[in-house]
Amino acid sequence: MGQPSFAASNAIVYVTYGAFLLLGTGLAWKMRNQPKADFLAGNRTQKALPLALNFIAAERWHPSPRRPAAAILGYANGLGLPTHRLLLLGQVRPRLTTGAELKQSLQDPTSRPLSGAPGEIHEGAADTKLRLYPIGSGILFSYPQLATLAGLQGVIVYAVSSAAPILIFAVLTPIIRRKCPEGFVLTEWTRQRYGIVTALYLSALTLLTLFLYMVAELSAIGQVVTALTGLDALPVVIVEAVVTTIYTSLGGFTISFLTDNVQGVLIVALIIIAAITVGVKTDIKPELIESSGLLKPSLVGWQLIYILPVAILTNYFFLSNFWLRAFASKTDKDLWIGISIATVFITIVLTLVGVAGLVAAWSGAWPGDPPQEDGSIAFFLLLEQLPSWVVGIVLVMAVALSTAAFDSLQSATVSTVSNDLFRNKLNIWFVRGAVVLLIFPVAVLALKAPGILQIYLITDLLSAATIPVLVIGLSNKFYWWRGFEVVVGGLGGILTVFIFGAIYYESAQKGGELILLQQGLYTGDWGAFGAFVVAPVGGVIWGCIALGSRLGFKYVQSRIHHTRFDALDRPYSAGSVSEDHDAINQQDEVAVAKSTGKFF
């Protein structure tokens, strides 16, 4: 790789972080007297273009495959990285602590798995497990690898499936805003419609998802910087956590939104420059295009056409950072324009990044010599053929992507906790303190991300099972649908995945592993595909069973107590607020919904 020198690499990384720190703290100081309402949210304040830049900066540049230890070790060893740096890549568990063990693992490709756990990745084995791993800078690993697995078909499916689902915010936000004008996160409407229990259920899933996203993002930027420059990941993780925490704790959502505007512009410019440079400087070998087979459709490509839209679309409902930005739109027109611009641009960007994997294969950079079976390093193998200044551009882009995503997640987590658990009654200094306290467990777990992030995978199936039964309540025709059906349906959908897996694999253990997608999205069979089919279908079925059980219980109860059967009565409506009225009446204090829906 045209790798920058040690001094240049440090300068690029830490000067970029320093610039973001000055930008964020400067804006925060200028807006230091903002009310708590603006710290937590920005309802009805933003026009279309800033919204577009924010959705670009905060986009779930998410799918990152789990890379085999052998490929990462081999590639990093080629860079001359010491053992402790290999550990910080996040692919080798801390159990590998001696140079002797590392040397043995590299010399003997049939040696035991580094993790020491049965069924874990063995050295020398090609692991093509594609996982939904929510990171920003991790697209440099994930999309090129997808190209080497599923070819052009997979790249296009992934790009469209990742970008198009954000249009759901343009569709649903106006509906929810009319029903719950005080809200700035989905859980507020859930509380008003389904009651406290369901709101807390959704809040728990939301906070779990946001927390794991933050862990993933810090882990990813450490891996990317190490792969690009050979620098230690630990200082990078700490510096990013400190920088974003400082300006987010001072300015909250408003500062996150403003800095994302700047970072969004920077990301757009750098991606254009990087794409042009790679296209000009890389020599494609025509004979490799046909022989690679990457232009042909594949089984995983066809499966992903269904899996990705379901997984990504439903999981977006758990991302408060997107809801905060959607509710911040000044008008519904601004929301539609902003999200439409973001959707088009994100689709183009993800396609370009994925095509880098194809270019690496067609130029001969991947699999390289010696051959690297894992496609997640295809982009980095391609960079070896390019000048070092190109790596510098990619490095700045990666830091900008990561910082923009991370501060958005921090702000969203604090806003969600303040709204859902404390009903926005906490003093603003306690809220700022929460931003600081949150970062400690995130940073610690980021260094152990390969084990921790296995938990994240269940949130994709949980969202696929929960969201269909949740959105039923958006229609006034289903006024009799209660929170009990939502909770039972969501948990029942997961149970259905277990039942399906146990039957399909003829093993209860395999059924349990399928809930965690332990084998990834592409296993050569129909297990993962079936899981994403039965989760939403099973959720709706269990929701209907819960409905019947609730109505039956209520009927028997009314007969025993000689009271009127009111389980199908239309609930009281709190009414709605017009767009014009809501747009010109901003409050210094954070408003909350006055009514609470029925759970049972």
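First, a word on what this report is: a plain description of the structure on this page.

Scoring rules and cut-offs
- Residues numbered from 1 in each chain as written.
- Predicted model: local features only at pLDDT ≥ 70, side-chain atom pairs only at ≥ 80, totals over all residues.
- Heavy atoms only, no water.
- Core = buried A, V, L, I, M, F, W, Y, C linked by side-chain atoms within 4.5 Å.
- Buried < 20%, exposed > 50% of the residue type's maximum accessible area, 1.4 Å probe, protein only.
- Helix = DSSP H or I, 4+ residues; strand = E, 2+ residues; numbered from the N terminus.
- Contact = heavy atoms within 4.5 Å.
- Patch = residues over 30% accessible without salt bridge, like charges linked within 9 Å, V, L, I, M, F, W, Y side chains within 5 Å.
- Areas by Shrake-Rupley, 256 points an atom, 1.4 Å probe, with all protein chains shown as cover.
- Salt bridge = Lys/Arg side-chain N within 4 Å of Asp/Glu carboxyl O.
- Polar contact = N/O pair within 3.5 Å; in protein donor to acceptor, adjacent residues only side chain to side chain.
- Axes fitted to C-alpha atoms, helices over the stretch in contact; angles between N-to-C directions.
- Parallel < 35°, antiparallel > 145°, perpendicular 65-115°, else oblique.
- Left-handed = near helix turned anticlockwise from the far one by under 90°.
- Nonpolar A, V, L, I, M, F, W, Y, C, P; charged D, E, K, R; others polar.

**Points about the nonpolar core**
Link 1 in the chain: Counting residues in each nonpolar core, the largest one holds 152 residues, and the members touching the most others are L140, F169, L521 and F532.
Link 2 in the chain: For this core, the element with the most residues is helix α17 (residues 388–420), which contributes 15 residues.
Link 3 in the chain: Discounting residues that sit within four places of it in the chain, L140 has contacts with V224, S376, F379, F380, V394, M397 and A398.

**With respect to a nonpolar patch on the surface**
Link 1 in the chain: Taken together, the side chains of L234, I238, V242, I246, L250 and L447 present a nonpolar region at the surface, about 430 Å² in accessible area.
Link 2 in the chain: Relative to the elements of secondary structure, I238 occurs in helix α11 (residues 233–281).

**Examining the side chain of T187**
Link 1 in the chain: On the secondary structure map, T187 appears in helix α9 (residues 186–194).
Link 2 in the chain: A relative accessible area of 4% means that T187 is categorised as buried.
Link 3 in the chain: Among the polar contacts listed, one links the side chain of T187 to the side chain of D420, at a separation of 2.8 Å.
Link 4 in the chain: The residues touching T187, leaving out its near neighbours within four places in the chain, are A199, L202, S203, T206, N419 and D420.

**Details of the packing of helix α10 (residues 196–229) against α17**
Any two packed helices are characterised by how steeply their axes cross, that is the angle between the axes, and by the distance between the axes.
Link 1 in the chain: Two elements in contact, α10 and α17, have axes separated by 10 Å at closest approach and are oriented at 160°. Relative to α17, the element α10 lies roughly antiparallel. As α10 packs across α17, the resulting crossing turns out to be left-handed.
Link 2 in the chain: Here the contact of α10 with α17 is built from residues that sort into 20 nonpolar, 7 polar and 2 charged.

**Side note on the packing of helix α14 (residues 320–327) against α17**
Link 1 in the chain: The contact between α14 and α17 brings their axes to 8 Å, and the two run at 85°. Taken together, α14 and α17 sit at an angle that is classed as roughly perpendicular. Judged by residue contacts, S320, N321, L324 and R325 of α14 engage S408, L409, S411, A412, S415 and T416 from α17.
Link 2 in the chain: Of the residues in the contact of α14 with α17, the class split is 3 nonpolar, 6 polar and 1 charged.

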